[in-house]
Amino acid sequence: MAASFHAHGVETPGRGFVRNSRLLSNVPLTLHLLRFSTSITSSSRLFCAGSGSFSRRRATKKLVKIGDKKGGGRVEAVLKEDKIEKRFSDGNGKNFTCAMKFGGSSLASAERMREIAALILSFSEERPVVVLSAMGKTTNKLLVAGEKAVSCGVSNTSEIEELSFIKELHLRTVNELGVDRSVVSAHLEQLEQLLKGIAMMKELTLRTKDYLVSFGECMSTRIFAAYLNTIGVRARQYDAFDLGFITTDDFTNADILEATYPAVAKRLHGDWVNDPAIPIVTGFLGKGWKSGAITTLGRGGSDLTATTIGKALGLQEIQVWKDVDGVLTCDPSIYPCAEPVPHLTFDEAAELAYFGAQVLHPQSMRPAREGDIPVRVKNSYNPQAPGTLITKTRDMDKAVLTSIVLKQNVTMLDIVSTRMLGQVGFLAKVFSIFEDLGISVDVVATSEVSISLTLDPSKLWSRELIQQELDHVAEELEKIAVVNLLQHRSIISLIGNAQRSSLILEKVFHVLQVNGVNVQMISQGASKVNISLIVNDSEAVQCVKALHYSFFESGDQSELILDAEFGNG
Ligand SMILES: Nc1ncnc2c1ncn2[C@@H]1O[C@H](COP(=O)(O)OP(=O)(O)O)[C@@H](O)[C@H]1O
Ligand SMILES: N[C@@H](CC(=O)OP(=O)(O)O)C(=O)O
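Worth saying up front: this structure is predicted, and the values here are computed from it rather than measured.

Each value, and the rule that gives it
Residues numbered from 1 in each chain as written. Chains lettered and ligands numbered in written order. Predicted model: local features only at pLDDT ≥ 70, side-chain atom pairs only at ≥ 80, totals over all residues. Heavy atoms only, no water. Helix = DSSP H or I, 4+ residues; strand = E, 2+ residues; numbered from the N terminus. Buried < 20%, exposed > 50% of the residue type's maximum accessible area, 1.4 Å probe, protein only. Contact = heavy atoms within 4.5 Å. Areas by Shrake-Rupley, 256 points an atom, 1.4 Å probe, with all protein chains shown as cover. 1 Å grid on protein atoms, 1.4 Å probe; cavity = no way out; pocket = protein on both sides within 12 Å on 5 of 7 lines; lining within 4 Å. Points joined across faces, edges and corners; volume = space filled by probe spheres on them. Nonpolar A, V, L, I, M, F, W, Y, C, P; charged D, E, K, R; others polar. Near = heavy atom within 4 Å. Polar contact = N/O pair within 3.5 Å; in protein donor to acceptor, adjacent residues only side chain to side chain. Pairing = 2+ DSSP bridges. Axes fitted to C-alpha atoms, helices over the stretch in contact; angles between N-to-C directions. Parallel < 35°, antiparallel > 145°, perpendicular 65-115°, else oblique. Expected span 1.5 Å × (residues − 1).

J.: Quick one: what's the story with the overall build of the chain, residue by residue and with numbers?
T.: Scanning the chain for helices and strands turns up 16 helices and 23 strands. Relative to its full complement of 569 residues, the chain shows a buried share of 55%. Nonlocal contacts in the chain, meaning residues at least 24 apart in sequence, comprise 74% of its contacts between residues at least 6 apart. Total accessible area computed for the chain in this model is approximately 23800 Å², and 50% of it derives from carbon and sulfur atoms.

Here it is as C-alpha cells:
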C-alpha cells in the first residue's frame with residue numbers, strides 16, 4: 001500500500017525526452033523537462049512515468065490523482081499557479097525504499113545538481129531518502145579558511161580567499177538553479193561572523209572546526225531541496241543534528257550512538273505521514289549527546305550517515321554515488337587501470353575502507369552489516385555502470401584477490417620485552433598503554449617477547465599533536481620494553497580470500513623479490529579477508545603497481561581466478 005516515487009516531466013512536442021549526453025544515455029532526463037513546468041503550453045503534456053499521462057486541461061482541475069501505485073498508495077499532482085507539485089501519499093507505512101548518498105564530487109555545480117536530481121527521479125519505483133555532502137571541495141576550503149582566520153586578524157577575514165570562493169560558488173549555484181538567495185544568505189552571513197570570531201579568539205578548537213565545516217552540508221542540502229521544490233518535486237531539508245543523529249562528543253571524529261536509530265526513524269516516518277516529501281539530509285553531521293553541539297563523523301562521513309539511515313529505516317538498499325565506477329581493484333590515482341569490483345562482502349568492504357581506500361568511510365559498513373542492508377557503490381557520472389554491490393556473503397569459491405589498498409605515512413613500533421622469556425601479561429601491559437593514551441593500533445604481529453605494530457598518525461585534524469603523541473607512547477612503553485620507532489612506513493593490504501593465503505603470498509613474494517622490496521612485517525587478520533604487508537613508504541607505490549599488474553594483468557577481471565598455472569580449477 002505504499003506510494004511510489006515516480007519520475008515526472010513535461011513531454012514537449014518534437015523533443016520527447018531530453019537525453020543528457022554524458023550522464024544518462026538511456027535514462028529519460030525528466031527533470032530538465034520539469035524545469036519548464038512554469039510555462040506549460042497547451043500542447044504540452046504532463047508526464048508520469050509508468051502511469052500514463054494527462055493533459056494540462058485535466059491538470060487545471062487543481063488536484064489530479066495520477067494513479068494508484070504499487071501497494072495502494074497514490075501520487076498526486078497539483079497545479080498551483082501553473083506549477084506542478086507532486087504529492088505522495090502512503091498506504092502501508094513502508095515509506096522509504098532506499099537511501100541515496102551523493103558525495104561532493106557529484107554536487108560540484110548547479111549543472112551537477114540538476115543531473116543528480118534527474119538521476120534520483122529516474123528511479124521511478126524508489127522512494128528515497130537523499131543524503132548529501134558539501135558541494136565540491138567546500139569542506140577543505142572551510143578548513144583552510146578557519147586556519148587562515150586564526151592568524152589573519154578580524155579586519156582581514158572578509159578577504160580570505162576560501163571564504164570568497166565558498167560565497168561565490170553557493171550564490172552562483174543558487175542563481176543558476178533559479179532558487180531564492182535567501183536559501184543560503186543567512187548561512188553565508190553566519191559563516192563570515194564565525195570566521196571573525198575565530199580571528200578574534202585566535203584559536204580554532206575541534207568543536208569550532210565541526211561547527212565551521214557543518215556550513216558546507218547545511219548549504220548544499222538547502223539548495224538542493226529548494227531546487228527540487230522549485231521544479232515541482234516535494235522535498236524537505238533536514239540538518240542531521242536536528243533529525244536525531246546523536247553522537248559521542250569526539251569532535252571531528254564522533255561515533256553515532258544507538259539512540260540515533262529510533263529517533264531518525266520516528267522523525268522521518270512521522271513527517272512523511274503528515275506531509276510526504278523527499279527527505280534531503282545533511283551527511284557527515286551529528287549532535288554531541290553531552291555538549292549538544294554540532295559534531296562530525298570524520299572525513300567522508302556522509303557514507304556513514306546514509307548507512308545509518310538505511311539501518312534506522314530498514315531500507316531495501318543503500319546507494320552511495322561517487323565519481324568512480326564502484327570500488328576499484330586499487331586506488332585509481334596509483335593505478336589508473338584499476339577495475340571495478342562487482343561484488344564485495346561487508347567484511348571485505350570494511351577492511352578495505354579501514355585500511356585506507358578513500359572510497360568508503362571506515363565505519364560506514366557497520367550499520368549496513370548490522371541491518372543486513374545491501375550497499376551499492378555507483379558512479380553518478382556513469383549511472384549505467386553496474387557499480388559494486390556489497391552484501392553479507394558472496395560466492396568466495398573462486399575468489400582470491402579482490403582489491404589492493406595502500407595506507408602511507410604509517411608509524412611502526414618494534415617493542416621487545418626487557419624481561420625474561422614467557423613473561424605473563426606482557427601483551428596486556430602493552431595494549432593497556434595504548435588504551436590509556438587513546439591510540440589505535442592497525443596491524444600487529446607478535447612473538448613471545450616482542451610485538452611489532454603500526455599506528456596511524458595521519459589524523460587529519462590534529463597533525464600538530466602527532467609527534468608529541470608518539471614521544472609519549474615511546475616514553476610509556478620504555479618502562480617495560482625496548483622500543484624502536486620506525487616512521488614513514490606503508491601498509492599494503494591485500495583484500496580477498498585469505499583462506500587462499502598461500503596462493504596469494506606465493507605470488508606476492510615473487511613480485512616483491514623481483515622488485516627488490518623487503519617486507520618488514522606481515523599480518524593476516526582474523527577476518528580472513530585481509531593480508532597486510534609493511535614496507536617502506538619510498539617503495540610502496542611501486543610495489544602496489546607491480547602487485548596490481550601481477551594479480552589483475554588480464555585487465556578484464558576484477559579478481560584473480562584460480563587457473564591452471566596454480567594447479568587449481
Ligand atoms: N579502491 C578504490 N576504489 C574506488 N575509488 C577509490 C579507491 N581508492 C581510492 N579511491 C578514490 O576515492 C574517490 C571517491 O571517494 P570520495 O572522494 O570520498 O567520493 P565522494 O566525495 O563522491 O563521496 C575516487 O575518486 C578515488 O579517487
Ligand atoms: N563533506 C565531508 C563529508 C563527506 O562525506 O564528503 P564526501 O562524501 O564528499 O567524501 C568531507 O569532505 O569529508
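J.: Summarise empty space enclosed by the protein; cite the residues concerned and give the values.
T.: With a probe scaled to a water molecule rolled over the atoms, the places where space remains empty come into view. The tally for this structure, following the rule as stated, stands at three cavities of 30 Å³ or more. Of the volumes computed, that of the largest cavity is approximately 50 Å³. Taken together, Ile-256, Glu-258, Tyr-261, Leu-304, Thr-308, Arg-366, Pro-367 and Glu-370 make up the full set of residues lining the largest cavity. Mapped by element, the contributors of at least two residues to the lining of the largest cavity are α10 (302-313) and α12 (365-371). Tallying contributions element by element places α12 first for the lining of the largest cavity, with three residues. Looking at the lining of the largest cavity residue by residue, the class counts come to four nonpolar, one polar and three charged.

J.: An account of the site of ligand 1 is needed here, citing residue identities and associated values.
T.: As a matter of local geometry, ligand 1 sits amid 16 residues, with Lys-101, Ser-105, Lys-322, Asp-323 and Leu-328 nearest to it. One of the side-chain N or O atoms of Ser-105 is found 2.9 Å from an oxygen atom in ligand 1. Contact distances for ligand 1 include 3.0 Å between an oxygen atom and a side-chain N or O atom of Gln-358. Split into classes, the residues belonging to the shell around ligand 1 amount to seven nonpolar, five polar and four charged.

J.: Tell me about the site of ligand 2, and please be specific about residues and values.
T.: Close contacts around ligand 2 come from Lys-101, Gly-103, Gly-104, Ser-133, Ala-134, Thr-139, Glu-217, Phe-284, Arg-299, Gly-300, Gly-301 and Ser-302, and that covers them all. Interatomic distance of 2.8 Å between a side-chain N/O atom of Ser-302 and an oxygen atom of ligand 2. In isolation ligand 2 exposes 340 Å². Once the protein is present, 84% of that is buried.

J.: Explain the sheet that holds strand β17 (residues 388-391) to me, and be specific about the residues and the numbers.
T.: Spatially, eight strands are ordered β9-β11-β8-β7-β14-β16-β17-β15 in an open sheet, and the strand pairing comes out mixed. Strands at the two margins of the open sheet, each flanked by one partner only, are β9 (235-238) and β15 (343-345). Neighbouring strand axes in the sheet, compared pairwise and without regard to direction, differ in orientation by 20° on average. Taken together, the five bridges between strand β7 (residues 98-102) and strand β8 (residues 128-132) define a ladder with parallel strand orientation. Across the sheet, the residue bridging to Ala-99 is Val-129, located in β8. Here helix α3 (residues 110-122) sits on the sheet and contacts β7, β8 and β14 (317-322); the angle it forms with β7, its principal contact strand, is near 165°. Of the strands in this sheet, β8, β9 and β11 (278-282) are in contact with helix α9 (residues 260-274), which crosses β9 at around 150°.

J.: Report on the packing of α3 against helix α5 (residues 161-177), specifying residues and quantitative values.
T.: Contact pair α3 / α5: the axes reach a minimum separation of 9 Å and the direction vectors enclose 55°. Between α3 and α5, the angle is such that the two are oblique. Together, Ala-110, Met-113 and Arg-114 of α3 and Thr-173, Glu-176 and Leu-177 of α5 make up the contact between the two elements. The residue makeup of the contact of α3 with α5, split by class, is three nonpolar, one polar and two charged.

J.: Outline the environment of Leu-169, listing residues and values.
T.: Its place among the elements puts Leu-169 in helix α5. Overall, Leu-169 belongs to the buried group, its relative accessible area being 6%. Here Leu-169 is in contact with Ala-108, Met-135 and Thr-138, once residues within four sequence places are set aside.

J.: Could you give an account of the sheet that holds strand β13 (residues 294-296), with specific residues and numbers?
T.: Strand pairs in the sheet, formed through backbone hydrogen bonds, run parallel or antiparallel to each other. As summarised here, the arrangement of the three strands in space is β10-β12-β13, forming an open sheet in which the pairing is mixed. Single-partner strands in this sheet number two, and they are β10 (246-247) and β13. When strand β12 (residues 285-288) meets β13, the two strands line up antiparallel, connected through three bridges. Directly across from Leu-285, in β13, lies its bridge partner Thr-296.

J.: Outline α5, listing residues and values.
T.: Under the 1.5 Å per step criterion, the end-to-end length of α5 is 24 Å for 17 residues, consistent within 8% with the ideal 24 Å. As for α5, its buried residues are in contact with α3, α4 (138-152), α6 (182-201) and α7 (206-230). The positive-phi residue at the C-terminal boundary of α5 is Gly-178, with phi of around 75°.

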